[in-house]
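If you want the building blocks of each chain, they are given just below.
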Amino acid sequence: MTGYTMLRNGGVGNGGQPWVLRWSSRIRLTWLSFTLFVILVFFPLIAHYYLTTIDDADDAGKRIFGPRTGNELCEVKHVQDLCRIRESVSEELLQLEAKRQELNSEIAKLNLKIEACKKSIENAKQDLLQLKNVISQTEHSYKELMAQNQPKLSLPIRLLPDKDDATFPLPKSNRNCRLHNCFDYSRCPLTSGFPVYVYNSDDFPFGSSLDPLIKQAFEATVRTNAYVTENANIACVYIILVGEMQEPAMPKPTELEQQLHSLPYWRTDGHNHLIINLSRKSETQNFIYNISTGRAMIAQSTFYDAQYRPGFDIVVSPLVHAMSEPNFLEIPPQVPVKRKYLFSFQGEKIESLRSSLQEVRSFEEEIEGNAPADYDDRIITTLKAVQDSKLDFVLVEFTCKNQPKASLPTEWALCGERDDRLELLKLSTFALIITPGDTRLVISAGCTMRLFEALEVGAIPVVLGEQVQLPYNDVIRWNEAALIIPKPRITEVHFLLRSISDNDLLAMRRQGRFLWETYFSTSDNVFSTVLAVIRTRIQIPAAPIREEPAVEIPHRSGKAAGTDPNMADNGDLDLGPVETEPPYASPKYLRNFTLTAMDIYRNWNSAPGPFHLFPYTPFDPVLPSEAKFLGSGTGFRPIGGGAGGSGKEFQAALGGNVPREQFTVVMLTYEREEVLMNSLERLNGLPYLNKVVVVWNSPKLPSEDLLWPDIGVPIMVVRTEKNSLNNRFLPWDEIETEAILSIDDDAHLRHDEIMFGFRVWREARDRIVGFPGRYHAWDIPHQSWLYNSNYSCELSMVLTGAAFFHKYYAYLYSYVMPQAIRDMVDEYINCEDIAMNFLVSHLTRKPPIKVTSRWTFRCPGCPQALSHDDSHFHERHKCINFFVKVYGYMPLLYTQFRVDSVLFKTRLPHDKTKCFKFI
């Protein structure tokens, strides 16, 4: 239609094109459409027919596109891989199905077991309730049984002093006064704590006559004494100081007697009073002799036989160092044992016995019988003969070069000044002390002064006169430090002195030095010893020694610390069973009362050994839990002996001494937080550990964001007042166990090493038991002592950077050991471990014990410590020589002894019982 329209319109279309062109275009489009139709329809049909004809061929192997079987299809390479995957997956599915079925069966069985366990738990709970009921009933029955068989006890009723209380009649004579008839025990119950009231001498007229130095020293001592109370109404004993008095202002005897009887708590007879007359000079007079003191006890340095009441009055030492501490550097050493002179004596007798009888007739009115014989002439003749024989160097002078000191009748007066006498005694092995010719003078200030000076410089006292009453003679065994010889044996003295061995001489000199330091040297010692004598006589336990209060630094605990397998692995060391109980403290010392009643006589009068520290030292440190070392010998008596030593039974005893025991770790640190945290983590899981006390020795507090490890036991971080290595040995009140493991923050010890060291210490509780050993050596060219850390076959010290010791020694180190040693430790910031070894060896006369370690003591990779400084060893050389001067001798002892487990590196069958024992 369109083309026809274009022809009718004159051959011109819409665009005016000729009709021929339009017809040509139409023909091409139609042809193209037809060609495409043929290709798209007929060609596929022909191809399908052709392929179908080929597949119908007889040779089945030549078929390509027809349907095939599964095996034929797998022959294709890329399809074969898929086939294998299908087969593998099928097998895995079958296996998983089998496992699922097996797990379902296991789950069913476990469900049955869970139900059975639930039933068992319910049954166990019922059994537990029944057992608790049985235990409760048993405890109730036990209490009822104990109540039936034991009387009900309560503390005694406290009878307080009363000014107007009625007094019981006096004995026939004041000389007959003893504790049972002149002392009121009801004012001093066992649980009273022994309160003592001290009068102020300035409140009485005679106070202005007292020697100012003695009065000042006495007042200073009273202010610091633990027993002194300001409440007179609860006091057990009342003390008044009446001497030494100055001659010009000395009151008359009648005036002094009236002033004493007017004391507020004298109560007509003065019972439970102690009158102290201290002497600072040898010429102190016995002005109390003609004074009626009633039932009051007297403590002074001069007594007549008619005046002295044994077991009631007290002979005290002179107060030479009234307001000053003794200078240890001026005290001569205790070695060499023998000195220039075998013995020496200087003195002058002003009056003979015969000429003095008329002078002292007022003192002898109560004496019956004839005057004793005077042996002084025979003594002079014998000693001069020994000096003239020149068999030994001796020095005896019976006439003073200068004016002799004033003295009592028949007493040998001192010659020269004190410094001159000390220089002579430093050259003397023995110092003769000739008692007064009048045997009715049982002790005098001059004799006590000679005794004091001899002990001070290490001259062994030789007392001629067995009737003498030496200071504190009822509680001190003087035969261990002095020779007491009757005057009739003067001809045998030379032979006796020469027959004493060097070992005995050194033991006596060492014991004399101990007595002088403990009871004589200072005003504190004298006053405390007097109180200790009275307290012990009336059988009151000593007050517990003070503990160092621990000021805790708050800290945060982080996550639980892991256990290093290297720390927990015991290797070749089989230590048997270990304790897994929670922390518990050592049992408190419960023999405070029975010890006083049972052990005093043995300790004071029959115990061998040169050292008797407690309970009668002036320090009175009867410790609440550490007092198990009170007793004989060296001053230590470990509790229990333990049967032990037989394999399994010994293991069950865990040491043989006490059935259950733990230890406290004391770790000193200074601004090494990372090292400290690592060391604390290594303690995780350590058996027997009760607590860790970290002594923070830096003024700078730990970081606030520092997380402390949780090791299963408490960690107490203690703040110190100053940076001092002495803080390592303070007896912190947080330490509740007797055993202390002192360890550095960079020490690297395995658990089995610590456990074995602890068990060894339990069998040697009076020793230092540790790991790194050191020894001292004599430097011949320089004539001095050296500190040596080289590996050697012997040792004399164990470093306290990894060592066990008893808390008892912490008290002694901090409160009893001479302050000069602790001052040197602070000066050098060094040597505290040497000081502790000196102390323990001095007290026990035993070397420390080294146990086996695996050469891992120091922490690898930790920052360097103070010991790496070049001056470290030079300072330790100086420390050793200074400590020797303070002690007067070298107390360290060598040993080649080391402790290993009995079965150390021994291979045994598994069915054999393994054990360990201290060897």
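Definitions and cut-offs
- Starting from 1, residues in each chain are numbered consecutively following that chain's sequence as written.
- pLDDT decides what is reported in this predicted model: residues at 70 or higher carry local features, side-chain atom pairs at 80 or more are listed and counted, and totals for whole chains, interfaces and linings draw on all residues regardless.
- Calculation of side-chain values draws on the structure's entire complement of heavy atoms; hydrogens and water are dropped beforehand.
- When DSSP finds at least two bridges between two strands, those strands are taken to pair.
- Where helices and strands are cited, they refer to DSSP runs of H or I of at least four residues and of E of at least two residues respectively, numbered from the N terminus.
- Any pair of residues with heavy atoms lying within 4.5 Å of one another is described as a contacting pair.
- Where helices are involved, their axes are fitted lines through C-alpha atoms of the stretch in contact, as for all axes, and angles between N-to-C directions lie from 0 to 180°.
- Angle categories are assigned with fixed cut-offs, so that under 35 degrees is roughly parallel, over 145 is roughly antiparallel, 65 to 115 is roughly perpendicular, and the rest are oblique.
- Throughout, a crossing is termed right-handed when the near helix is turned clockwise from the far one, and left-handed when it is turned anticlockwise from it by less than a right angle.
- Each residue receives one of three labels: charged for Asp, Glu, Lys and Arg, nonpolar for Ala, Val, Leu, Ile, Met, Phe, Trp, Tyr, Cys and Pro, and polar for the others, Gly being one of them.
- Like-charged residues within 9 Å of one another, or nonpolar side chains (Val, Leu, Ile, Met, Phe, Trp, Tyr) within 5 Å, are grouped into patches, provided each residue has over 30% relative accessible area and no salt bridge.
- Working definition of accessibility: Shrake-Rupley area with a 1.4 Å probe, residue cover restricted to the visible protein chains.
- What counts as a salt bridge is simple: a side-chain nitrogen of Lys or Arg found within 4 Å of a carboxyl oxygen of Asp or Glu.
- Note on classification: 1.4 Å probe, protein chains only; a residue is buried when its accessible area is under 20% of the maximum for its type, exposed when over 50%, partly exposed between these limits.
- A helix is expected to span 1.5 Å for every residue after the first.
- Counting of polar contacts relies on pairs of N or O atoms within 3.5 Å, with two restrictions inside protein: one atom must be capable of donating a hydrogen and the other of accepting it, and residues adjacent in sequence are counted only when both atoms are side-chain atoms.
- The predictor rates its confidence in each residue with pLDDT, a number between 0 and 100.
- Only buried Ala, Val, Leu, Ile, Met, Phe, Trp, Tyr and Cys residues count toward a nonpolar core, and they belong to the same one when joined by side-chain atoms within 4.5 Å.

> With reference to specific residues and values, describe the sheet that holds strand β1 (residues 196-198).
Within a sheet, each strand pairs with its neighbour through backbone hydrogen bonds, oriented either parallel or antiparallel. Within the open sheet, the five strands sit side by side as β1-β2-β3-β4-β6. Their pairing is parallel. Edge positions in the sheet fall to β1 and β6 (314-315), since each has one partner strand and no second. Contacts from helix α6 (residues 212-224) reach β1, β2 (237-243) and β3 (273-277) within the one sheet, and its direction differs from that of β2 by about 160°.

> I'd like to hear about the packing of α6 against helix α14 (residues 523-537), residue by residue, with values.
Where α6 contacts α14, the two axes come as close as 9 Å, and the packing angle between them is 60°. One way to sum up the angle between α6 and α14 is to call them oblique. For the element pair α6 and α14, the recorded crossing hand is right-handed. Contacts between α6 and α14 involve Ala 217, Phe 218, Thr 221, Val 222 and Thr 224 from the former and Ser 523, Asp 524 and Phe 527 from the latter. The residue inventory of the contact of α6 with α14, partitioned by class, reads four nonpolar, three polar and one charged.

> Describe in detail a nonpolar patch on the surface, supporting the description with residues and values.
On the surface, a cluster of nonpolar side chains totalling about 1,000 Å² of accessible area is made up of Leu 32, Leu 36, Phe 37, Ile 39, Leu 40, Val 41, Phe 42, Phe 43, Leu 45 and Ile 46. Here Leu 40 is to be found in helix α2 (residues 19-55). Among the residues examined, Leu 40 registers a relative accessible area of 64% and is labelled exposed.

> Account for helix α20 (residues 751-762), naming residues and giving values.
Between its first and last C-alpha atoms α20 spans 17 Å; for 12 residues at 1.5 Å apiece the expected length is 16 Å, and the two agree. By the criterion of burial, α20 is predominantly enclosed, with 12 of the 12 residues buried. Burial in α20 covers these residues: His 751, Asp 752, Glu 753, Ile 754, Met 755, Phe 756, Gly 757, Phe 758, Arg 759, Val 760, Trp 761 and Arg 762.

> So, the pattern of salt bridges: which residues are in play, and what are the values?
What the rule picks out here adds up to 36 salt bridges. Two residues, Glu 480 and Arg 477, come together in a salt bridge whose shortest N-O distance is 3.2 Å. For the pair shown, Glu 480 and Arg 477 are each scored as buried. As a salt-bridge pair, Asp 744 and Arg 728 come within 2.8 Å of each other at their nearest N and O atoms. Note that Asp 744 is positioned in strand β21 (residues 739-744) and Arg 728 in the loop between β20 (715-719) and β21, a separation of 16 residues in sequence. Both residues of the pair, Asp 744 and Arg 728, belong to the buried class. Through salt bridges with shared partners, a single ionic network connects Arg 418, Arg 421, Glu 453 and Glu 456.

> Before we move on, can you summarise the side chain of Arg 513 with the specific residues and values?
Mapping Arg 513 onto the fold places it in helix α13 (residues 502-520). Given the relative accessible area of 5%, Arg 513 is considered buried. One polar contact links the side chain of Arg 513 to the main-chain carbonyl oxygen of Val 886, over a distance of 2.3 Å. Excluding its chain neighbours within four sequence positions, the residues that come into contact with Arg 513 are Phe 328, Ile 331, Pro 332, Gln 334, Leu 455, Lys 885, Val 886, Tyr 887 and Gly 888.

> Which residues make up the confidence of the model for the protein chain, and what values do they have?
Of all residues in the protein chain, 76% have pLDDT values of 70 or greater, and the mean over the chain is 80. Considering only residues more than four positions removed or in separate chains, one finds that residues 353-372, a stretch of pLDDT under 50, has 31 contacts. Taken as a whole, residues 913-919 scores under 50 in pLDDT and shows 30 contacts with residues more than four places along the chain or in a different chain.

> So what's going on with the nonpolar core? Residues and values would help.
Among the nonpolar cores identified, the biggest contains 136 residues, and Phe 194, Ile 239, Tyr 472 and Phe 883 are the most heavily contacted of them. Residues within four places of Tyr 472 in sequence aside, it is in contact with Ile 314, Val 315, Val 316, Ser 317, Trp 478, Tyr 519, Phe 520, Val 526, Thr 529, Val 530 and Val 533. Counting 39 residues, the second-largest nonpolar core is a separate cluster that includes Leu 683, Leu 706, Trp 708 and Phe 758.

> Go over unusual backbone geometry, please, and point to the residues and values.
Cis geometry is found at the peptide bond from Gly 243 to Glu 244, where omega equals 20°. With respect to the secondary-structure elements, Glu 244 resides in the loop between β2 and α7 (253-261). Here Val 335 and Pro 336 are connected by a cis peptide whose omega angle stands at 5°. Looking at the secondary structure, you find Pro 336 in the loop between β6 and β7 (341-346). In the Ramachandran plot, Tyr 688 falls in the positive-phi region, its phi being about 70° despite a non-glycine side chain. Topologically, Tyr 688 is positioned in the loop between α19 (673-681) and β18 (689-696). Positive phi values are uncommon outside glycine, yet Cys 831 reaches one of about 75°. If you trace the backbone, Cys 831 turns up in the loop between α22 (819-828) and α23 (832-844).

> An account of the sheet that holds strand β25 (residues 797-798) is requested, with residue identities and associated values reported.
A sheet is described by the order of its strands in space; here three strands give the open sequence β24-β23-β25, paired in antiparallel fashion. Pairing within the sheet leaves two strands with one partner each, and these edge strands are β24 (784-788) and β25. Where strand β23 (residues 773-779) lies against β25, two bridges are found, and the strand directions are antiparallel. Bridging from a neighbouring strand, Arg 774 pairs with Met 797 of β25. Strands in contact with helix α24 (residues 872-887) are β23, β24 and β25; relative to β24, the strand with the most contacts, it is inclined by about 130°.

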